[in-house]
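Coordinates in review
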Amino acid sequence: MHTWASVDVPLVPGEGPPLRLYDTSTGRIRPTAPGREALMYVCGITPYDATHLGHAATYLAFDLVNRVWRDLGHEVHYVQNVTDIDDPLLERAARDQDDWVVLGMRETALFREDMEALRVLPPRHYIGAVEAMGEISELVGKLLASGAAYRVDDPQFPDVYFDAAVTGRFGYESNYDEETMLRFSAERGGDPDRPGKRSPLDPLLWRMARDGEPHWESDLGPGRPGWHVECTAIALNRLGPQIDLNGGGSDLIFPHHECGAAHAEAFTGVHPFARHYTHTGMIGLDGEKMSKSRGNLVFVSKLRSQGVDPNAIRAALLAGHYRTDRAWTGALLEEADARLARWREAVALPAAPPADDLVTALRTHLADDLDTPRALAAVDAWAAAALERRGTDGDATALARDAIDALLGIRL
Ligand SMILES: Nc1ncnc2c1ncn2[C@@H]1O[C@H](COS(=O)(=O)NC(=O)[C@@H](N)CS)[C@@H](O)[C@H]1O
Ligand SMILES: [Zn+2]
């Protein structure tokens with residue numbers, strides 16, 4: 001699947017401190033330590049109801065990681081999937097009498113457009129589950145052959161499940177207790193009550209074909225993949241057995257990233273699969289998480305069609321910390337518009353206070369677990385000083401503009 005168009009990232013002189021990020025598995029903010037090439041897998045959308053502001057907030061957070069790593073001189077090998085076959089997509093297509101393939105393509109195209117408008121740097125590989133079907137079924141076959149997976153005792157539908165006990169570390173990524181895992185498994189696509197499984201938490205790897213359901217031929221028999229294994233196959237085959245960052249929203253902590261890590265580690269024997277598991281807080285509306293099931297969604301494309309500057313959407317979402325569950329309000333957008341107007345006025349001045357301290361502040365705050373509230377406040381302070389005509393540095397505005405673009409992705 002083709003990825004989306006990139007934007008140029010201005011080079012900013014100097015170098016900041018190493019990026020430190022919260023890691024769910026250790027519960028601590030720790031330095032990231034990528035090699036020359038940082039390896040990042042961020043889960044992509046299930047292509048319907050795209051792109052709501054919750055999606056946008058999550059992809060913006062990992063766009064900042066991408067930008068900070070580049071600013072530190074790393075290449076970033078960024079891979080993202082599209083879950084273009086899965087129960088929720090089939091259910092939505094059925095609800096709307098839509099063809100599930102057409103729905104997926106339409107929504108993925110809209111997502112790419114929105115990501116471009118928000119100036120999110122594109123993944124190098126943007127891979128749909130359907131186009132990766134061969135590699136997914138191959139991975140499932142190997143897990144089955146190794147004994148890490150098994151067929152459930154159901155003569156009609158001998159579906160393939162992963163044995164969550166095989167790595168001996170199941171739960172290390174989320175640190176959830178059994179009761180929480182069972183609840184989230186049931187709420188988020190799992191089937192803990194299915195009879196014949198070795199453990200209720202064992203996740204589905206391959207669902208044998210049911211009448212009327214799309215299915216693909218494979219050595220496992222006709223069927224389609226479970227949700228988690230698609231991400232494992234796509235990540236392992238492009239990034240290798242150990243990556244720097246596996247990212248997504250906090251609703252992916254369990255079962256999705258726990259199971260994905262277990263699948264990878266059972267297959268490769270390399271632990272941990274990801275050196276950082278990083279998760280974003282949920283964007284809400286009217287007191288509820290913005291979600292497809294609730295239908296309380298605000299769409300990037302709708303705001304764009306109303307003439308809203310995508311940079312203002314970006315600034316509004318970055319005004320809150322990425323790990324905080326927070327509400328979207330119209331006021332946020334108004335504040336962001338006013339903020340950008342001040343910043344634009346400041347960078348249009350013939351001279352301003354030196355921007356070197358601003359660059360240092362931006363790098364320091366972003367390296368501190370993406371502290372965007374402090375980063376944006378540092379720009380506010382520089383712009384305020386500039387607007388009080390307290391600056392005489394003729395190069396300051398260009399440097400400020402480039403740093404705000406390169407590090408925050410905001411174009412003034
Ligand atoms: N309200 C929200 N706030 C913040 N992030 C959200 C919100 N709703 C969904 N997300 C995040 O947006 C990303 C895409 O969500 S999704 O469309 O449901 N798709 C999936 O979760 C799977 N396709 C991942 S493989 C996920 O990281 C999810 O955690
Ligand atoms: Zn995923």
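Residues numbered from 1 in each chain as written. Chains lettered and ligands numbered in written order. Predicted model: local features only at pLDDT ≥ 70, side-chain atom pairs only at ≥ 80, totals over all residues. Heavy atoms only, no water.

What follows covers the overall build of the protein. Within the protein, the regular secondary structure consists of 13 helices and 14 strands. Dimensions of the protein, computed from C-alpha atoms along their principal axes, come out at roughly 80 × 45 × 35 Å. Carbon and sulfur atoms provide 51% of the accessible area of the protein, an area that totals close to 16400 Å². On the protein, the mean spot of the 42 positive side-chain charges and the mean spot of the 62 negative ones are 3 Å from each other. (Helix = DSSP H or I, 4+ residues; strand = E, 2+ residues; numbered from the N terminus. Areas by Shrake-Rupley, 256 points an atom, 1.4 Å probe, with all protein chains shown as cover. Lys, Arg positive; Asp, Glu negative; His and termini not counted. Charge placed at Lys NZ, Arg CZ, Asp CG, Glu CD.)

What follows deals with the environment of Gly14. Checked against the element boundaries, Gly14 lands in the segment before strand S1 (20-23). In this structure Gly14 comes out as exposed when scored by relative accessible area, which is 56%. (Buried < 20%, exposed > 50% of the residue type's maximum accessible area, 1.4 Å probe, protein only.)

Inspection of the region around ligand 1 gives 24 residues, with Gly44, Thr58, Thr83, Asp251 and Met290 positioned closest. Residue Thr58 places a side-chain N or O atom 2.8 Å away from a nitrogen atom belonging to ligand 1. A distance of 3.0 Å separates an oxygen atom of ligand 1 from a polar backbone atom of Gly249. In isolation ligand 1 exposes 600 Å². Once the protein is present, 95% of that is buried. Listing elements by their share of the shell around ligand 1, those giving two or more residues are helix H1 (53-71), helix H6 (227-239) and strand S10 (243-249). Among the elements that make up the shell around ligand 1, the one with the highest residue count is H1 (four residues). Here the residues of the shell around ligand 1 are counted per class, giving nine nonpolar, 12 polar and three charged. (Near = heavy atom within 4 Å. Polar contact = N/O pair within 3.5 Å; in protein donor to acceptor, adjacent residues only side chain to side chain. Nonpolar A, V, L, I, M, F, W, Y, C, P; charged D, E, K, R; others polar.)

The next thing to look at is the packing of H1 against helix H13 (residues 396-408). Where H1 contacts H13, the two axes come as close as 7 Å, and the packing angle between them is 120°. Compared by their axis directions, H1 and H13 come out oblique. Between H1, through Leu64, Arg67 and Asp71, and H13, the contact on the second element is made entirely by Asp405, Ala406, Leu407 and Leu408. A breakdown of the residues in the contact of H1 with H13 according to their chemical character gives four nonpolar, no polar and three charged. (Axes fitted to C-alpha atoms, helices over the stretch in contact; angles between N-to-C directions. Parallel < 35°, antiparallel > 145°, perpendicular 65-115°, else oblique. Contact = heavy atoms within 4.5 Å.)

All right, on to the pairing of strand S4 (residues 75-82) then. As a general feature of sheets, a regular strand has side chains that alternate between the two faces. Burial analysis of S4 places seven of its eight residues in the buried class, which makes it a mostly covered element. Relative to S4, strand S3 (residues 37-42) runs parallel, the two being bridged by six bridges. Residue pairing for S4: Tyr41 is matched across the bridge by Val79. Note that S4 and strand S5 (residues 125-128) share four bridges and pair parallel. The residue bridging Asn81 from the neighbouring strand is Ile127, located in S5. (Pairing = 2+ DSSP bridges.)

Time to look at the nonpolar core. Leu53, Trp328 and Trp382 are the most contacted members of the largest nonpolar core, which totals 78 residues. With 11 residues, the single largest contributor to this core is H1. Split by domain, the residues of this core number at least three in each of domain 1 (31-284) and domain 2 (331-411). Ignoring sequence-local partners within four residues, the contact set of Trp328 consists of Leu53, Ile283, Gly284, Leu285, Met290, Val298, Leu303, Ala316, Leu317 and Leu333. If you look at the next biggest cluster of nonpolar residues, it comprises 44 residues, including Tyr48, Ala148, Ala264 and Ala274. (Core = buried A, V, L, I, M, F, W, Y, C linked by side-chain atoms within 4.5 Å. Domains from an automatic or database assignment.)

This paragraph deals with the UniProt feature "short sequence motif: 'ERGGDP' region" (unreviewed entry) in the protein. When the UniProt feature table is mapped to this numbering, "short sequence motif: 'ERGGDP' region" (unreviewed entry) covers residues 187-192. Spanning residues 187-192, this segment combines 17% helix with 0% strand, and its end C-alpha atoms are found 10 Å apart. (UniProt positions renumbered as here; feature names shortened; annotations may be inferred.)

Interface size is often expressed as the accessible area that is lost when the parts come together. Structurally, the protein comprises domain 1 (31-284) and domain 2 (331-411). For the pair domain 1 and domain 2, the summed buried area comes to about 810 Å², and 57% of that belongs to carbon and sulfur atoms. When the buried surface of domain 1 facing domain 2 is broken down by residue, Leu64, Asp71 and Arg119 rank first, second and third, together holding 60% of it. Remark: the boundary between domain 1 and domain 2 carries two salt bridges. (Buried area = accessible area lost by both parts, 1.4 Å probe. Salt bridge = Lys/Arg side-chain N within 4 Å of Asp/Glu carboxyl O.)

So, on to helix H12 (residues 372-387). An ideal rise of 1.5 Å per residue puts 22 Å on 16 residues; H12 measures up with 22 Å between its terminal C-alpha atoms. Those residues of H12 not exposed but buried are Thr372, Ala375, Leu376, Ala378, Val379, Asp380, Trp382, Ala383, Ala385 and Ala386. Its buried side turned inward, H12 meets H1, helix H9 (310-318), helix H10 (330-347), helix H11 (356-367) and H13. Arg389, located one to two residues past H12, shows a positive phi value of around 55°. (Expected span 1.5 Å × (residues − 1).)

Coordination of the zinc ion (ligand 2) by the protein is provided by Cys43 (SG), Cys231 (SG) and His256 (NE2), with metal-donor distances spanning 2.0 to 2.2 Å. In primary-sequence terms, the residues that donate to the zinc ion (ligand 2) follow C-x187-C-x24-H. With a gap of 188 residues between them, Cys43 in the loop between S3 and H1 and Cys231 in helix H6 connect regions that are remote in the sequence. Classification of Cys231 by relative accessible area gives buried; the value is 6%. (Donors = N, O, S within 2.8 Å, 3.2 Å for Na, K, Ca; no water.)

A word on the confidence of the model for the protein. Per-residue confidence for the protein averages 97 on the pLDDT scale, and 100% of its residues sit at or above 70. By mean pLDDT, the top-scoring element of the protein is S3 (99), and the lowest-scoring one is strand S13 (residues 288-289) (84). For this predicted complex, the interface confidence comes out at an ipTM of 1.00, alongside a pTM of 0.98. (pLDDT = per-residue confidence, 0-100.)

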